[in-house]
Amino acid sequence: MDNKTIRFIVGIVGNIISLYLYLSPTPTFVKIVKFKSVKAFKPDPYLATLLSCVMWIFYGLPVVHPHSLLIVTVNSAGVIINVTFCSIFFRYSAWPIRKKMIIVFILEAIFIAGMVAVALTLEHTHPARSMLVGILCVIMNIVMYASPLTVVKTVIKTKSVKYMPIFLSIGNLLNGSIWIVYAALDFDPYIMVPNVLGAISGMIQVGLYVKYNKTTNWDEEEEPPNEVEMPPSASNA
């Protein structure tokens, strides 16, 4: 097989893993619908993931970075899933949280509109547009990957991994790894950088799980603290 075919196959695998990560919060939203309450959960991870997906979709469009169909497909799925999650969250939230979500939606729409306008009017070549949008995507993903640091801190402090799901941690590791391979096959630093961070984040989480699994009280039934809510860390190419 040639390099292009191998990259396409790797991208398909990456799409599947990323889709798994996007859907991983589903049990949380099943509980929200069941109890008609968002409880202690926050909408921040889903609002951030939604913005990230839209940015990566724009990056993958032919006008910015040609031959990036798999980037568009995986992030389009991410948009649909996270719009659904945000809608459920909005429905079962109190007005203060709804107000915050509306403000964030507006700010995200303004940001996306500004990014698109600048990229298409001030930059006239694919490399220039790719660099501008790619850098913004990398910055966004670095911010998103910083969020699990609070989880790591809590796990070390409590010596408990009860609210750091191992399958999500493994998913983050696999997701970052597969997209690193995808980026390396046709070198793309803007895909490479955030996924290297994602793979490292996943490795740290898996390592902590192995270390603190035996000291975790799995029978305890308390509510998960706000700070250990685990967002999906799919940098989605």
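(A) Structural context of unusual backbone geometry. The phi torsion at His 67 lies on the positive side, around 65°, for a residue other than glycine. Non-glycine residue Lys 159 carries a positive phi angle of around 55°. Looking at the secondary structure, you find Lys 159 in the loop between α7 (148-158) and α8 (166-185). According to the relative accessible area criterion, Lys 159 is partly exposed, its value standing at 44%.

(B) Structural detail: the side chain of Ser 130. Assignment of secondary structure puts Ser 130 in helix α6 (residues 126-146). Other than its neighbours up to four places away in sequence, Ser 130 contacts Tyr 59, Val 64, His 65, Ile 135 and Tyr 190.

(C) Spatial organisation of the packing of aromatic side chains. In this structure the tally under the stated criterion is seven aromatic pairs. Relative to Phe 85, the ring of Phe 29 lies with its centre 4.3 Å away and its plane at 5°, an arrangement referred to as stacked. Placement of Phe 29 in helix α2 (residues 26-35) and of Phe 85 in helix α4 (residues 69-91) is noted, with a sequence separation of 56 residues between them. Residue classification places Phe 29 among the buried positions, given a relative accessible area of 3%. On the basis of relative accessibility, which here comes to 6%, the residue Phe 85 falls in the buried class. Consider the rings of Trp 179 and Tyr 182, whose centres lie 5.0 Å apart with planes at 75°: the pair is edge-to-face. Within this pair, Trp 179 and its partner Tyr 182 are both found in helix α8, separated by three residues, close to a single helical turn. What makes Trp 179 buried here is its relative accessible area of 0%. Classification of Tyr 182 by relative accessible area gives buried; the value is 3%. One aromatic cluster in this structure is built from Phe 29, Tyr 46, Phe 85 and Phe 89. Its end group placed over the ring of Phe 35, Lys 39 keeps NZ or CZ at 4.0 Å from the ring centre. Positioned over the ring face of Phe 90 is Arg 98, at 5.1 Å from the centre of the ring.

Rules of the game
- Residues numbered from 1 in each chain as written.
- Predicted model: local features only at pLDDT ≥ 70, side-chain atom pairs only at ≥ 80, totals over all residues.
- Heavy atoms only, no water.
- Helix = DSSP H or I, 4+ residues; strand = E, 2+ residues; numbered from the N terminus.
- Buried < 20%, exposed > 50% of the residue type's maximum accessible area, 1.4 Å probe, protein only.
- Contact = heavy atoms within 4.5 Å.
- Phe/Tyr/Trp six-rings, centres within 6.5 Å; stacked < 30°, edge-to-face > 60°.
- Lys NZ or Arg CZ within 6 Å of the ring centre and 35° of its normal.

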